[in-house]
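Given next are the chains, with one letter for each unit.
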Amino acid sequence: GRTLAAALPIAEIRGMVQKVRSARGSLYDIVIATAVPVAFVRVKYADRIDLTIEETEEFHREAIGRLRAIVSTEKISRELWLRSRHGTWRFFRVLKTGLVELSRNGMPLE
């Protein structure tokens, strides 16, 4: 829907984007093919965008679990992108355990 449509221009800044036909149980919504890493991204609307990383991981446990089904290497980034009703975005890299918050360009926030 609108959240995925709003994510595409952000994704295109990072590289060539392939949108995946969403189906129930999809692991991801888009793939960003850059040199390295390739990013598999799940895009979601979030009622609450101001959660801690721990709360975010708990609240979005199902989407994160699906992303963790994708192999993890230094050349593959599994990401969760969240958008609020006000258009605010937060971006996370899904690690084996835990999340790392990213900037819009895919680099970890300090």
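Chemist: How would you sum up the environment of Tyr45? Please name residues and give values.
Modeler: Position of Tyr45 among the secondary structure elements: in strand β3 (residues 38-45). Note: C-alpha distance between Tyr45 and Leu82 (37 residues apart in sequence) is 5.7 Å. Here the side chain of Tyr45 touches Asp47 through a polar contact of 3.4 Å, side chain to side chain.

Chemist: Describe in detail the side chain of Arg14, supporting the description with residues and values.
Modeler: Within the secondary structure, Arg14 sits in helix α1 (residues 2-14). Classification of Arg14 as buried rests on a relative accessible area of 16%. Ignoring sequence-local partners within four residues, the contact set of Arg14 consists of Ile32, Thr34, Ala39, Glu79, Trp81, Arg104, Asn105 and Gly106.

Chemist: I'd like a description of the nonpolar core, backed by residues and values.
Modeler: By size, the foremost hydrophobic cluster in this structure holds 14 residues, and its most contacted members are Ile30, Ile32, Val41, Val43, Trp81, Trp89 and Phe91. Of all elements in the fold, only α1, β2 (30-33), β3 and β5 (89-94) reach the threshold of two or more residues within this core. By residue number, the principal contributor to this core is α1, which donates five residues. In this structure, Ile32 is in contact with Ala11, Arg14, Gly15, Met16, Pro37, Val38, Ala39, Val41 and Trp81, ignoring residues within four places of it in sequence.

Chemist: I'd like a description of the packing of aromatic side chains, backed by residues and values.
Modeler: Scanning all chains against the criterion turns up four aromatic pairs. Seen from their ring centres, Trp81 and Trp89 are 6.3 Å apart, and the 85° between their planes marks the pair as edge-to-face. Neither Trp81 nor Trp89 differs from the other in exposure class; each is buried. A ring pair is formed by Trp89 and Phe91, whose centres lie 5.9 Å apart and whose planes are at 5°; its orientation type is stacked. The class of Trp89 is buried, set by a relative accessible area of 12%.

Calculation notes
- Residues numbered from 1 in each chain as written.
- Predicted model: local features only at pLDDT ≥ 70, side-chain atom pairs only at ≥ 80, totals over all residues.
- Heavy atoms only, no water.
- Helix = DSSP H or I, 4+ residues; strand = E, 2+ residues; numbered from the N terminus.
- Polar contact = N/O pair within 3.5 Å; in protein donor to acceptor, adjacent residues only side chain to side chain.
- Buried < 20%, exposed > 50% of the residue type's maximum accessible area, 1.4 Å probe, protein only.
- Contact = heavy atoms within 4.5 Å.
- Core = buried A, V, L, I, M, F, W, Y, C linked by side-chain atoms within 4.5 Å.
- Phe/Tyr/Trp six-rings, centres within 6.5 Å; stacked < 30°, edge-to-face > 60°.

It is worth stressing that arrangement in space is one thing and function is another; only the former is reported here.
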